[in-house]
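Overview (structure and organization)
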Amino acid sequence: MLYTRKDVALCGFTIYLCSLYLGNVERLICFFIFFLMSFRNINLKWNQYSKNQMLFSTMILVSYFWVDKSYLDSTIALIISVTVLELIYMSIFLFSYIKNRDDIKQIFNSIFVSLVFLLLYLIISTPVELWGTFAVGNEQGIHKNTIGLNLAIGSIFSFYYSNHSKHTFIYRVLSIIFFVFSLLAGSRKVLILIALVSILYAFLTSKNEKLIKRIIGIGLLSIGAIVIIYSNKLLYDMLGARMINLFDKFLLGVDIGIEEDKSIWERQYYINSAIELWLINPITILIGNGIDGFRTYMGKIGYSHVAYSHCNYIELLCNHGIIGFILYYYNKIRYCITGFRIKNNNTICDLLVVFMICGMVIEYSMVSYYSELFQIVFIMSFCAIAITKKSFNTNDV
């Protein structure tokens, strides 16, 4: 079988995705390879989303001129700058590549391959004697939120394949493995994302007679996950106790002190501080405090744990003001509304629409505007919605 030019571009895309879990230098080299393999093999065209991404990226880059450089971490600022620039090309590539349902499936498959690569990379590069003694990803230097959410996406994708493939058993086993490893990352967002996607996808795609069965299935899986977490000391320390405190804080209104759960207390401190920093004067309200401005501020005041604000909405307002906030969320909200109106039972498009909606909910508890895989799945979701809206083979999209 002869390979087409699109196949070459897709291969470059897959190589780049697999490099996201390696070092920054390796990632840049793989992006350059991807660029060379796709630039002349795909008829690249600007689109509305790409133009908006370019404006947003320009806003981030220009904001370097008004950030407090005396406390700016130049390495993090560079990583953010490079990532948002890469996402411009990624949006151009995906919107140019995806023309029909088969193209969506190919991109979906490439992302899944990269997630399987991540799983194998974690298994191979973690010494056996360290398994079960600390959070997954620590040995590789990958942040628990990044590793946890990416593995959760792998679990969701695997479960989708199990219902749309002849190899049902294999994909369900893979889904469970992804899920277990995502729990071992120790991020609460993993359980929240999987629960939200499962419930909303069940309601969106199930017919009345199947809905009850799916709800029962989700309930049983949830109970199983809870039993596993609370019967294992490592998982309880990383997730169980923190989930209880999260429930007490946001559902029961119990005041959580720093001695009960420092992460919840500190998260609220970050958010409150970021809001205050954003509202400091009319200029910061409009254009923010500059690239990575909140983290810079934490360093300036000498806070012991310098970090971002842990909320994408607040982080954007604090660092890039109302202008940056609108540039980032305008297309997302527009596509979200359009996607929710489109219904194609049991399809990739439905899953991507659900992921997009749940992803925007999760963004309340994480900073994701420069998280590569998260944004790539977002872009793919927008492409699927655009294709469906144009009625290109919509029955199977």
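See the structure above.
Residues numbered from 1 in each chain as written. Predicted model: local features only at pLDDT ≥ 70, side-chain atom pairs only at ≥ 80, totals over all residues. Heavy atoms only, no water.

1. Comments concerning the packing of helix α5 (residues 101-125) against helix α16 (residues 372-389)
- It is the contact of α5 with α16, at a shortest axis distance of 11 Å, that shows an interaxial angle of 165 degrees. One element, α5, and the other, α16, form an angle in the roughly antiparallel class. Here the hand of the crossing between α5 and α16 comes out left-handed. For the pair α5 and α16, contact is made by Ile104, Ile107, Phe108, Ile111 and Leu115 and by Leu373, Ile376, Val377, Met380, Ala384 and Ile387, respectively. (Axes fitted to C-alpha atoms, helices over the stretch in contact; angles between N-to-C directions. Helix = DSSP H or I, 4+ residues; strand = E, 2+ residues; numbered from the N terminus. Parallel < 35°, antiparallel > 145°, perpendicular 65-115°, else oblique. Left-handed = near helix turned anticlockwise from the far one by under 90°. Contact = heavy atoms within 4.5 Å.)

2. Comments concerning the pattern of salt bridges
- If you walk through the whole model with that rule in mind, you get five salt bridges.
- A salt bridge links Asp103 to Lys6; the nearest nitrogen and oxygen atoms lie 3.0 Å apart. Of the two residues, Asp103 is situated in helix α5 and Lys6 in helix α1 (residues 5-19); the sequence distance between them amounts to 97 residues.
- Owing to a relative accessible area of 28%, Lys6 belongs among the partly exposed residues under this scheme.
- Put simply, Arg295 and Asp292 hold a salt bridge, and the shortest N to O gap is 2.9 Å.
- The class for Arg295 is buried, based on a relative accessible area of 14%.
- Taken together, the shared-partner salt bridges in this structure form one network comprising Arg27, Glu86 and Glu372. (Salt bridge = Lys/Arg side-chain N within 4 Å of Asp/Glu carboxyl O. Buried < 20%, exposed > 50% of the residue type's maximum accessible area, 1.4 Å probe, protein only.)

3. Considering helix α13 (residues 293-300)
- Taken together, the buried positions of α13 are Gly293, Phe294, Arg295, Thr296 and Met298.
- Taken from the residues just after α13, Gly302 is the one with a positive phi, measuring 75 degrees.

4. Re the packing of helix α3 (residues 48-62) against helix α4 (residues 74-97)
- α4 packs onto α3 with a crossing angle of 175 degrees between their chain directions and a minimal axis gap of 9 Å. In terms of axis orientation, α3 runs roughly antiparallel to α4. Seen from α3, the contacting residues are Tyr49, Ser50, Gln53, Met54, Ser57, Ile60 and Leu61; seen from α4, they are Ile80, Ser81, Val84, Leu85, Leu87, Ile88, Ser91, Ile92 and Phe95.

5. Some thoughts on the packing of aromatic side chains
- Per the stated rule, a full pass over the model turns up 39 aromatic pairs.
- These aromatic residues form a ring-pair network of at least three members: Phe13, Tyr16, Phe31, Phe34, Phe35, Phe39, Tyr89, Phe93 and Tyr97.
- Above the plane of the ring of Tyr64 lies Lys69, whose end atom (NZ or CZ) is 4.8 Å from the centre.
- For the cation-ring pair, Lys332 lies above Tyr328, with the distance from its terminal atom to the ring centre recorded as 3.9 Å. (Phe/Tyr/Trp six-rings, centres within 6.5 Å; stacked < 30°, edge-to-face > 60°. Lys NZ or Arg CZ within 6 Å of the ring centre and 35° of its normal.)

6. Section: the environment of Phe157
- Along the chain, Phe157 turns up in helix α6 (residues 144-163).
- Judged by relative accessible area, Phe157 falls into the buried class, the value being 2%.
- For the pair Phe157 and Phe178, spaced 21 residues apart in sequence, the C-alpha to C-alpha distance is 9.8 Å.
- Apart from residues lying up to four places away in sequence, Phe157 is in contact with Phe108, Ile111, Phe112, Leu115 and Met380.

7. Considering the side chain of Ser19
- In this fold, Ser19 is placed in helix α1.
- By relative accessible area, which is 1% here, Ser19 ends up buried.
- The contacts of Ser19, once residues within four sequence positions are left out, are Glu26, Arg27 and Cys30.

8. Comments concerning the environment of Glu315
- With respect to the helices and strands, Glu315 occurs in helix α14 (residues 312-341).
- Measuring from C-alpha to C-alpha, the distance between Glu315 and Trp278 comes to 9.1 Å, with 37 residues separating the pair along the chain.
- Beyond its immediate stretch of four places on either side in the chain, Glu315 contacts Asp292, Phe294, Tyr308, Ser309, His320, Val367 and Tyr369.

9. Some points on unusual backbone geometry
- Phi angles above zero are rare outside glycine, and Asp292 is one such case at about 55 degrees.
- Locating Asp292 in the fold gives a position in the loop between α12 (282-287) and α13.
- By relative accessible area, which is 1% here, Asp292 ends up buried.
- Backbone geometry places His310, a non-glycine residue, at a positive phi of 65 degrees.
- Relative to the helices and strands, His310 resides in the loop between α13 and α14.
- For His310, a relative accessible area of 14% puts it in the buried group.

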